[in-house]
Every structure is written in C-alpha cells, then in structure tokens.
Amino acid sequence: MKKLCLALMALCFCVSAKQSPNILLIMVDDTGRGFYNTYGSQENLTPQLSRFAQEAVVFNNCESTPICTPSRVKIMTGQHTFANYTQFGRLDKGSLTFAHLLKEQGYRTGVFGKWQLSSDKGSVEDFGFDEHCLHNYLEDKSLGKSRFWEPTLTVNDELKKYPEKAYGPDIINQHLLEFISQKSDKPFLAYYPMVLAHFPFVPTPDSRNLECRDWDSNFRDMVAYTDKLVGKVIDHLKAQGQYDNTLIIFTADNGTYPGLMNTLRNGEQVYGGKSMGNKRDSNWVPLIARLGAQSTGVCDRLVDFTDMLPTLAESAKMDVPAKYDNHGVSFLGDLQGRETIKSYQLAFYPSVSMRIDNASLYVRDKDYKFYPDNYLIDLENDPEELNPIYPHEDNKKTAEVRSKLKLALEKSLLKFPKLKDKWSSIRQAFKGKYIGGWDSDEVKFHKKVRMSQDVTAFVKNKSPRFEIFHRRGYAMAQVDNVRLLKNGKEVARDKHISQSAMAIFDRSPGADYVYFNLKNKCIFDLSFDHYEEVEYTLHYDVLILPVEEYKAVIDIPLGMFLKSEKHKKIENKEGTVLYRSSGAIRVMD
C-alpha cells in the first residue's frame, strides 16, 4: 500500500509538472530600450524581436538596476539588492533562486550565457541549474577571457578554449537549442543571459568588415546579431512545437554603454546610461513577454526585476514559498488578459562608489519619482532629472503625488529594516541635497558658459555651501567664478577652480573599461555677512573638455590613464562615440 501511495504521488507530481509551460528567460547585456524597433528606434536593427513583439505583450515601464551584477542577483532571487547584494561579481552562497523554485516543481533547468555570480566550481549547480554553458564563470588566465572570438567558456564545469574563428555567442546559442530539444517528460527553464552586446565592441560573423574598430558601427552589428540569435531560438521553439507552450520573457540587464547614442523615430536622441545611477537611460529596459496567444498589445504596468520570480512561479502553477522572501508581484495576468496592478515601485541601487546626487533610493509611479530628499522628478518632461520639484514649487497635482509617494517610501522603510539601515549609512557618508544642474544642450566643448540657478529655497543662513560637478559623459567640467547673488547683487564669491570628470581605466589588457566619477575641490563656500529671507541666485562658469584632453590638465591623481590599443580610440566626431556632459548641484547639509 505504501509503495502504491508513493507511486501515485510521483505520478501526480509528473502530471502537474507536465501541465506547466516551459520557460525561456532572455536577458541581453548592455542594450537599452533605444536600440529596439519596438521601442521607437529609427534603425531596423531588430526585425526578429519586432515580429515577436507583435505576438506578445510589450511593457513600457520595466526597470532593472544600472549595472550588471545587481540586476543578475535581483532577477534570479526576486529580492531588492539591499537584501542580498554584497559585492560585484558575486551571489552569496546559499541564496535561493528561481532555478531552485522551479526544480521543486519538477522542471529541468539550464543557464546559457554570462554568469558573473561566482567563480567557485560547482556554484552554478548549487544555485539550481542542471546544465550550463557560460562565460565569466571558471577562469584560467592562460586561456584568456574572450566571450566573442576565440572564446573561453565553461560547459558543465569543464573550461574549454575554442578556436580562433569560433564565435562565443553562436556556441552558447547552440547549447541552448540542444537543451530545449532534449526529450523529457519535464518542462524546462532555460535562462539565457546573453553575452551580447557587452564591451569590447567587435565585429560579428555578419559584419561587413571583420577588421572594423569603430565602436558605434560594431555595437550596432552586435545588436543586430543579438536579434538574429533570439529569432533563432523562437524559430526553434516553433519547429519543436513548443512555442505556444513556453513563457518567453525578453529583457536587458541595464542601459546601453555610455557614449553610444541612437536616434528614435520621433527625433529624440537616446544616450547610453549604464552605471550612471538610477536615471532613465540607465535602468529603464525593454520587456517583451508572451505565454501562448492569450494576450497581445502594450502594457503600462510598473515592473521591476523582483517581479520575475513570482511570474515564473505563477506560470508553473505554484505559490512562492515564504523562505524565498520574495519582494515582487507577478505580471503573468497581463499576459493572459487579466490586468494586474502595482501602484508604486521601489528602487534601490547599492553601489556607493558609482552613486550620483543621492539617487540610490526612490519610489515611483508611472509619471513621477520621489526621492528621500523630498523632491519629485517629472519623468515625461524631465527624463535627465535636471529639475527636481521641491514642495515650495508644488501645484495641486504634484502636492498630491508627493504625499502619496512619500507615504509609500515611509511604508517601504518600515517594511524593510535592512533598507532603512543601508540608506542611513549612505546618507551619513554623502551629505548634501540635489537641487539641479546642467545638460548637454546648455554647454559646448571648449567654450566657457555662464550658468545660474535660483537657490532661494535652499539658502537658510549666512554660510551656504554648494557642490558643483560633472556627473555624466566622457568629459571634464572645470567650474570657477562661483558667486552668490542676493536680490541681484553679489554678496559672496569663491575663486577657486574645481575639476570633475568621468575617467576610463583599462585594468588589464583586453579588460573592460571602468568608470570613475572623479571630483576635486568641488565644494564652494559662499559665506556672507547678513542673512535675510530674500531672493538668492547661484552663478558659476563651466568649461567642458573631451576625454582626450582632460587627462593632461586635471589635477586629480589618475594613476595610469590607459586606453587599450586593441580598440579604436574614442574621437569626438560624428559617426563614432558621442560625448555629452551633464552636471549636478547640491546644497550641502
């Protein structure tokens, strides 16, 4: 009798698993929304994804994090990064992932692409995956670290060096297709965190010129090849008769590499914003999803990467167990014609070294962001977040939005004590309140420009201090002649010259470039004799220099400022990497 019961339980389990759909989760690397036809690109780089989008639901409000590892941790665990992100390139041992969750439901699991979560042998299996073909997992320096041509990849814990003419994305894609094709009574989870289109920007097998070193041209070829490989997987599912029984999700880990630009059909220029804090071009990513022919169209629901795990769970007909401590809300209903609601969204970016103007924490609805310093950002009219709206500038609508989102943030801080502690620590380390700045339309290279900012609401005593610095773009900002005017008359001047820049370092031959926001004496003391509650204006002069020039003049010790000879030198001219500059002003606490 006992054996019969066990047999029946096993049969029921297999039937339940078999009834659940397959899952294909695709996450491209370093390619923001602006390069996809579906999201308005004027270039026809992604026809396969456009075809898929016509049969799927296109989400307009999906957010990742601004950089690689935090996004990978967040999407796999279903938790905000304050809970479990501890260091770049690592997911802590013992963390629970969506692979664990789906294995509990009888799925076979595989991951194919970029890992970047641990170099410990066996860790991929420990995190719930049965099979893998990965870059950025096991390493042997003698074999190199290429992910593209002549790649070094790990296949089921065996490190392999491939021939010179082998192309890594093709090899990874083939392993994925073979995994999908396996005969099994179990549904599959195929996680496809693609290596395209990460730096270095090199030609693809479809490029016209395999010797090309132009970043802009090569990146576009890489986006087109990404589209080709995604189309290949979708066509394979159709050939296998699995297309309508597979939950397919397409997204990206963060925005595009800084310096790259694309033009939308409406004429808007979209710049790469990877690693640039929680700005629109940094963490606003594509999301296209489908489960059978149940629903198509456009969805404006708020989504972030914590929502992926509960969506996969619901598709597998299971609840998320309490031990996963999931922070997200499933959006599966939106793929089935059932509207789901997420009234606000919390975002936290953990990297203090890359954080910009206190933008590590916010809550948002579809139209506005609210930051802990009590300012709003109008997302439609101020995507660069240059004009924070403080309470003294409120109209009836923004006052209501502020009240609602402020309450949502307070509830989040109460709900997540760990978030409250981390934010308090960051706030102690970085004083100041963001009040505005400049953008690339207001400054030109090699030309000193006089700027001004109304600071009446922020001058509360006779010793105000302001920090003024470059925050985005391959450039240096030199700021001087900073003055404070009281009712139009100068009452204080700080004569020192400040320099701040975005620098590029190459850590080792062939390594990725790293960004550092470097600031030197950027705080200006504007003390004056007698404080009155009148009108105050901050004036300053700013001069912008491009990357090739500022390394020779900047006073900040840069160490060895290197640029790999393996890649085309960045040039400030049309058709290559484009420069821009935006700045930030903070009033100091």
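These notes cover the structure that comes with them. Given the structure is predicted, the values throughout are model-derived calculations rather than measurements. (Residues numbered from 1 in each chain as written. Predicted model: local features only at pLDDT ≥ 70, side-chain atom pairs only at ≥ 80, totals over all residues. Heavy atoms only, no water.)

**Some points on the sheet that holds strand β6 (residues 158-161)**
Pairing is mixed across the open sheet formed by ten strands, whose spatial order is β6-β5-β4-β3-β7-β1-β8-β11-β2-β12. At either margin of the open sheet sits one strand with a lone partner, and together these are β6 and β12 (297-304). Averaged over all pairs of adjacent strands, the angle between strand axes in this sheet comes to 15 degrees, irrespective of strand direction. Relative to strand β5 (residues 152-155), strand β4 (residues 131-135) runs antiparallel, the two being bridged by two bridges. (Pairing = 2+ DSSP bridges. Helix = DSSP H or I, 4+ residues; strand = E, 2+ residues; numbered from the N terminus. Axes fitted to C-alpha atoms, helices over the stretch in contact; angles between N-to-C directions.)

**Quick word on the side chain of Asp214**
Its place among the elements puts Asp214 in the loop between β7 (188-193) and α8 (215-239). A polar side-chain atom of Asp214 sits 2.8 Å from the main-chain amide nitrogen of Ser217. (Polar contact = N/O pair within 3.5 Å; in protein donor to acceptor, adjacent residues only side chain to side chain.)

**Remarks on the environment of Glu150**
Its location among the elements puts Glu150 in the loop between β4 and β5. Each C-alpha atom of the pair Glu150 and Lys165 lies 6.0 Å from the other, and the pair is 15 residues apart in sequence. Among residues more than four places away in sequence, those in contact with Glu150 are Lys161, Tyr162, Pro163, Glu164 and Ala166. (Contact = heavy atoms within 4.5 Å.)

**Digging into helix α7 (residues 168-181)**
With 14 residues, α7 ought to run about 20 Å at 1.5 Å a step, and its terminal C-alpha atoms sit 20 Å apart, in line with that. Residues of α7 that are buried in the fold lie against β3 (108-114), β4, β5, β7 and α8. (Expected span 1.5 Å × (residues − 1).)

**Focus on the packing of α7 against α8**
Contact geometry of α7 with α8 gives a least axis separation of 10 Å together with a crossing angle of 15 degrees. By the angle between their directions, the pair α7 and α8 is classed as roughly parallel. The two elements α7 and α8 meet at a crossing, and its hand is right-handed. In this structure, α7 uses Pro169, Asp170, Asn173, Leu176, Leu177, Ile180 and Ser181 to contact α8, whose residues at the interface are Tyr225, Leu229, Lys232, Val233, His236 and Leu237. (Parallel < 35°, antiparallel > 145°, perpendicular 65-115°, else oblique. Left-handed = near helix turned anticlockwise from the far one by under 90°.)

**Observations concerning the packing of aromatic side chains**
For any two aromatic rings, the description comes down to two numbers: the centre-to-centre distance and the angle of the planes. Inspection of every chain in the model, using the stated rule, returns 31 aromatic pairs. Summarising the aromatic geometry, the rings of Phe199 and Phe201 are spaced 5.4 Å apart at their centres and angled 85 degrees between planes, so their arrangement reads as edge-to-face. The exposure class assigned to Phe199 is buried, which follows from its relative accessible area of 1%. Lying over the aromatic face of Trp284, Arg33 brings its terminal NZ or CZ to 3.6 Å of the ring centre. (Phe/Tyr/Trp six-rings, centres within 6.5 Å; stacked < 30°, edge-to-face > 60°. Buried < 20%, exposed > 50% of the residue type's maximum accessible area, 1.4 Å probe, protein only. Lys NZ or Arg CZ within 6 Å of the ring centre and 35° of its normal.)

**Thoughts on the sheet that holds strand β14 (residues 361-364)**
Pairing is antiparallel across the open sheet formed by four strands, whose spatial order is β13-β14-β15-β16. Every other strand in the sheet has two partners, leaving β13 (345-348) and β16 (375-378) as the edge strands with one partner each. Within this sheet the neighbouring strands show an average axis-to-axis angle of 25 degrees, counted without direction. Sheet topology note: the strand β15 (residues 368-371)/β16 ladder contains four bridges and is antiparallel. Bridged to Tyr368 within β16 is Asp378.

Geometric descriptors of this kind do not, in isolation, establish any biological role.
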